[in-house]
Amino acid sequence: MTMYATLEEAIDAAREEFLANSPGIEEDADVQQLNIQKYVLQDGDIMWQAEFFVDDTEPGECLPLLSGEGAQAVFDGDYDEIELRQEWLEENTLHEWDEGEFQLEPPLDTEEGQAAADEWDER
């Protein structure tokens, strides 16, 4: 799993990966699904991951955000990052509670989990 500091970097990397895994369709790429995941690291940094798919039924590591023409527009670079961020549901954000381990909510039954929850609440 590769995460990026900005959503734009994550989308660019997802586009490059999609094209690398689909030789011969660079000019006529038909994208049907854009999946995105937002992460909050223990130090408070926000990271992003994105992926494109030809079929909107393919499972991925990220959550589906746009399909059809919307996904194709983002793939073609015709998007507003602010609008994409506004589409993101904060309850789907994953938080790092232990190095490399992410959850929607910190485990409150451990000292580390409670400390992480307290830090997230402060933000």
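Please refer to the structure higher up on the page.
Note that the coordinates shown come from a computational prediction; the quantities given were computed from them, not determined experimentally.

### Focus on the side chain of Gln 37
- Assignment of secondary structure puts Gln 37 in strand E1 (residues 33–40).
- On the accessibility criterion, Gln 37 (4% relative accessible area) is buried.
- Looking at Gln 37, its side chain comes within polar contact range of the main-chain oxygen of Asn 92, at 2.9 Å.
- With residues near it in sequence (within four places) discarded, Gln 37 still touches Met 47, Trp 48, Gln 49, Cys 62, Leu 63, Trp 88, Asn 92, Thr 93 and Leu 94.

### Re the pattern of salt bridges
- A full pass over the atoms with the stated rule returns three salt bridges.
- In this structure, Glu 90 engages Lys 38 in a salt bridge whose closest nitrogen and oxygen atoms are separated by 2.9 Å. Pair noted here: Glu 90 is in the loop between helix H3 (81–87) and strand E4 (94–98) and Lys 38 is in strand E1, with a separation of 52 residues, a long-range link.

### Observations concerning the packing of aromatic side chains
- Counted according to the given criterion, the structure contains four aromatic pairs.
- With a centroid separation of 6.2 Å and 75 degrees between ring planes, the pair formed by Trp 48 and Trp 88 is classed as edge-to-face. On the criterion of sequence distance, the pair formed by Trp 48 in strand E2 (residues 46–53) and Trp 88 in the loop between H3 and E4 is long-range, its members being 40 residues apart.
- Looking at Trp 88, the relative accessible area reads 7%, which means it is buried.
- A centroid spacing of 5.1 Å and a plane angle of 90 degrees characterise the contact between Phe 52 and Phe 75, whose relative ring orientation is edge-to-face. On the criterion of sequence distance, the pair formed by Phe 52 in strand E2 and Phe 75 in helix H2 (residues 69–75) is long-range, its members being 23 residues apart. Here Phe 52 and Phe 75 have matching classes, each one buried.
- Among the aromatic side chains, those forming a connected cluster through ring pairs are Phe 18, Phe 52 and Phe 75.
- Above the face of the Phe 75 ring, Arg 15 is positioned so that its terminal group lies 5.9 Å from the ring centre.

Cut-offs used in this document
- Here, residues in each chain are numbered from 1, in the same order as that chain's written sequence.
- Residues qualify for local features only when their pLDDT is at least 70, as the model is predicted, and side-chain atom pairs are given and counted only at 80 or more; totals for whole chains, interfaces and linings, by contrast, use all residues.
- By convention in this description, side-chain values take in all heavy atoms of the structure and omit both hydrogens and water.
- Think of it this way: any DSSP run of H or I at least four residues long counts as a helix, any run of E at least two long counts as a strand, and we number them from the N terminus.
- Each residue's exposure class comes from its accessible area (1.4 Å probe, protein chains only) as a fraction of the maximum for that residue type: buried when under 20%, exposed when over 50%, partly exposed otherwise.
- Polar contact is the term for a pair of N or O atoms within 3.5 Å; when the atoms are in protein, one must be able to donate a hydrogen and the other to accept it, and sequence-neighboring residues count only if both atoms are side-chain atoms.
- Any pair of residues with heavy atoms lying within 4.5 Å of one another is described as a contacting pair.
- Salt bridge, as used here: a side-chain nitrogen of Lys or Arg that lies within 4 Å of a carboxyl oxygen of Asp or Glu.
- Only rings of Phe, Tyr and Trp enter the pairing, Trp through its six-membered ring, and a pair is recorded when the two centres are within 6.5 Å. The plane angle decides the type: under 30 degrees is stacked, over 60 is edge-to-face, the rest tilted.
- When the NZ atom of lysine or the CZ atom of arginine is within 6 Å of a ring's centre and also within 35 degrees of its normal, the charge is said to sit over that ring.

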